[in-house]
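# Observations on chain architecture
Read off the chains here:
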Amino acid sequence: MNGIFVRILPVVFLGTALFVTGCQKRVSTEDLAGQADSTQAQSNVAGTEVVPEGGAVGEGGVVTAEDIKGNSDARLGGSYASLTPGGDELTKKAVEKGQLFTIYFEYDKYTIRDIDMENLTKNAKWLGLNGSIKVRIEGHADERGETEYNLALGDKRARSVMKYLQDMGIQVQRLDVVSYGEEKPAMDGQGEDAWSKNRRAEFVIIAN
Amino acid sequence: MKSLKKATLTIAVFLFVLISPAWGKVYIDLAAPASKKVPIGVQEFKDLSGAPSAKDKAERDKLKKELFDAVVTDLKFSGFFSVIDSKANLEDPASSGITAAETDFKSWRAIGADALVKGGFLVEGDRLTVEVRFFDTATERQVLGKRLVGSMRNPRRIIHFFSDSLYEELTGNKGVFTTKVLFVSNSGGNKEIYIADYDGRNSMKLTRNRSINLSPQWSPDGKKMLYVSYKKGTPAMYLLDLTTGRDEQLSSKSGINISGRFSPDGNKVALTLSGEKSPELSILDLNTKEYKKLTDNHGIDVSPAWSPDGSKLAYVSDGSGNPHIYVLDLLTKNTKRITFNGKYNSSPAWSPDGRQIAFARSDSGKFNIWTIRPDGTGLAQLTFEGDNRNPSWSPDGRYIVYSSAARGSASLKIMRSDGAEIMKLNTGIGGERAPAWSPYLK
């Protein structure tokens, strides 16, 4: 009688087998022979293995993290979506009036392009004229890269912009920086059209 | 020469089998080339408490299906078996029993089954007792039989416990059927973190802060989860105790606090901090709460992966102009670049035996999973279709879970570490990314 395991070589028969754990010999012996009938098995539950329930991450052992109340929903997408309460309306106005411009970047780059220098200089001038305004510079990446790398890339982009503003004389206390990586695209969709609009550093007014 | 030696050894083992008077522990050599799959029959589970009342019948029928499905999933996942469609089964589950004596093995051999799984269950309130038996149909012997008690809240978990035992019986190695996977999904609008069984089932939401939650990672003891969250506005690192629910803010320095990874001894966390300057790697000592900076340059350094002995870190740096994988020796402080091709190399993950690093590489915006040895040799591509990212090894190193996207929708997949036998995880959540396979949990 060649069993299946002869065919899944190599096979070693050790002669003993471990079955229903526990010390109730009768049940174990019956099971060892594999002849115990199910009625007997039911009537004698000693020697049964208990599947732990309250273990580290067992059923019932997993507890969820607490809810943090007070945050507005993070809107994934939308130019002015923000996790911390900010002057979204003010920002909108400033952008509409041509006072604050979003700065865009090349793929996987965090240096400011020559063609964006004019807009960034306008931002610096406007901030210079409105000394009470504080802004948060939000760095973003397009979706193509890897999530963690994109968070770092967004951070680099926001800091490139911040450094330029500091060089233009804007006090560092008026500038805040946050990276959202690829998490908050300005435009949904795939293709260079969307991606080029998502690789950006946005300005959000946080105090005035 | 080598193969001749192996053949001799195989024959020796074979003879030993033939002359062995008893049957018992059976080994499948995991290192050997994949052998032909063993056709296996699985019988519908029997309700050992007899005919249920009309009220209970729907619940019992559902339970029958669930137990059966879990057995089939585990058997298929093991890679050793091909499960015969149960429609072909000849033996009537109603009139036959679940022991060897009550089984007509001839009817199973007739449908081509070389092995057979039978089981029964007993429901007593929330308490669920499951008996599972694995038979060799040629010898008509039971190879493994277990009676397990668990809860009606999670019948599949009971089967996974059995599968761990069976796997160990057959291979001598620990099974991964009771392990779990952490992942991120944005299916509810925001990225939250979830946990599920290794096969994607029994998924459960772990974070509910409605901000952005990223990069879940297991502590080596499987009791805690490290993750990044925007719940207080900026990307900070948190530690959630999975046994108590206690959530602790671990690192919230100015700038980004991201890509945290537990050291193998669980005492440290390697992470990326940008501070006031550039995203650099640091090590946070969990006992002293002190940070030690590892890299100092003007570029990006992220996604550290510890070698299993804790002596090295593989990570991603854009020092050469685009993202590549580097290995930092924590003792000598020497850094060695190990990837030179591909426009974008990301997410290194060290295999549990320390011999390989899995990572995701892209030339076109679509990533694929590759492996490379820590010294930069032995490069191998494992996936070829779609967009595949974030590889994470099973604790036995036999499988890799990763996120896979096609036409914009992401899901999790498991493949064997040589790239074969891809299986999709059905969590029922959708949009799953950034999987992290747990260590052994028992």
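Note that the structure is a prediction, hence the values are computed from the model and not measured.

### Considering the packing of helix 5 (residues 114-129) of chain A against helix 6 (residues 147-167) of chain A
All names here are of chain A. In contact at an axis separation of 10 Å, helix 5 and helix 6 are set at 55° when each is read in the N-to-C sense. Considering the angle they form, helix 5 stands oblique to helix 6. As helix 5 runs across helix 6, the sense of the crossing is right-handed. Mapping the contact onto sequence places Met 117, Leu 120, Thr 121, Ala 124 and Leu 127 in helix 5 and Val 161, Tyr 164 and Leu 165 in helix 6.

### Regarding the pattern of salt bridges
Two side chains that carry opposite charge are able to pair once their charged atoms sit near each other. All names here are of chain B. Per the stated rule, a full pass over the model turns up 40 salt bridges over all chains. Here Glu 66 makes a salt bridge to Arg 201, at a shortest N to O gap of 2.9 Å. Of this pair, Glu 66 sits in helix 2 (residues 54-78) while Arg 201 sits in the loop between strand 8 (192-197) and strand 9 (204-205), placing them 135 residues apart in sequence. A relative accessible area of 22% means that Glu 66 is categorised as partly exposed. For Arg 201, a relative accessible area of 28% puts it in the partly exposed group. Here Asp 296 makes a salt bridge to Lys 277, at a shortest N to O gap of 2.8 Å. Taken as a pair, Asp 296 in the loop between strand 17 (291-293) and strand 18 (301-306) and Lys 277 in the loop between strand 15 (268-273) and strand 16 (280-285) lie far apart in primary sequence, 19 residues in all. Residue class for Lys 277 comes out partly exposed when judged on its relative accessible area of 38%. Each member of the salt-bridge network shares a partner with another, and the members are Glu 66, Asp 69, Arg 156, Asp 199 and Arg 201.

### Some remarks on the pairing of strand 13 (residues 247-251) of chain B
All names here are of chain B. Here strand 12 (residues 236-241) runs beside strand 13; their pairing, made up of 4 bridges, is antiparallel. Within the sheet, the bridge partner assigned to Met 237 lies in strand 13 and is Ser 251. Adjacent in sequence and paired antiparallel, strand 12 and strand 13 are bridged by 5 residues, among which Gly 245 carries a positive phi angle near 85°.

### With respect to the domain arrangement of chain B
Residue and element names in this part refer to chain B. Partitioning chain B into domains gives domain 1 (19-29 + 36-171) and domain 2 (180-437). Measuring from the centre of the C-alpha atoms in domain 1 to the corresponding centre in domain 2 gives 37 Å. If you look at the interface, domain 1 gives 12 residues, while domain 2 gives 12 residues. Across the domain 1/domain 2 interface, buried area totals approximately 1,000 Å², and carbon plus sulfur atoms make up 43% of it.

### Focus: the packing of helix 2 of chain B against helix 4 (residues 155-171) of chain B
All names here are of chain B. At a minimum axis distance of 9 Å, the contact between helix 2 and helix 4 shows a crossing angle of 30°. The element helix 2 and its partner helix 4 pack so that their crossing is right-handed. In contact with Leu 63, Glu 66, Leu 67, Asp 69, Ala 70, Val 71, Thr 73, Asp 74 and Leu 75 of helix 2, helix 4 contributes Pro 155, Arg 156, Ile 159, His 160, Ser 163 and Leu 166. Of the residues that constitute the contact of helix 2 with helix 4, the class distribution is 8 nonpolar, 3 polar and 4 charged.

Conventions and cut-offs
Residues numbered from 1 in each chain as written. Chains lettered and ligands numbered in written order. Predicted model: local features only at pLDDT ≥ 70, side-chain atom pairs only at ≥ 80, totals over all residues. Heavy atoms only, no water. Axes fitted to C-alpha atoms, helices over the stretch in contact; angles between N-to-C directions. Helix = DSSP H or I, 4+ residues; strand = E, 2+ residues; numbered from the N terminus. Parallel < 35°, antiparallel > 145°, perpendicular 65-115°, else oblique. Left-handed = near helix turned anticlockwise from the far one by under 90°. Contact = heavy atoms within 4.5 Å. Salt bridge = Lys/Arg side-chain N within 4 Å of Asp/Glu carboxyl O. Buried < 20%, exposed > 50% of the residue type's maximum accessible area, 1.4 Å probe, protein only. Pairing = 2+ DSSP bridges. Domains from an automatic or database assignment. Buried area = accessible area lost by both parts, 1.4 Å probe. Nonpolar A, V, L, I, M, F, W, Y, C, P; charged D, E, K, R; others polar.

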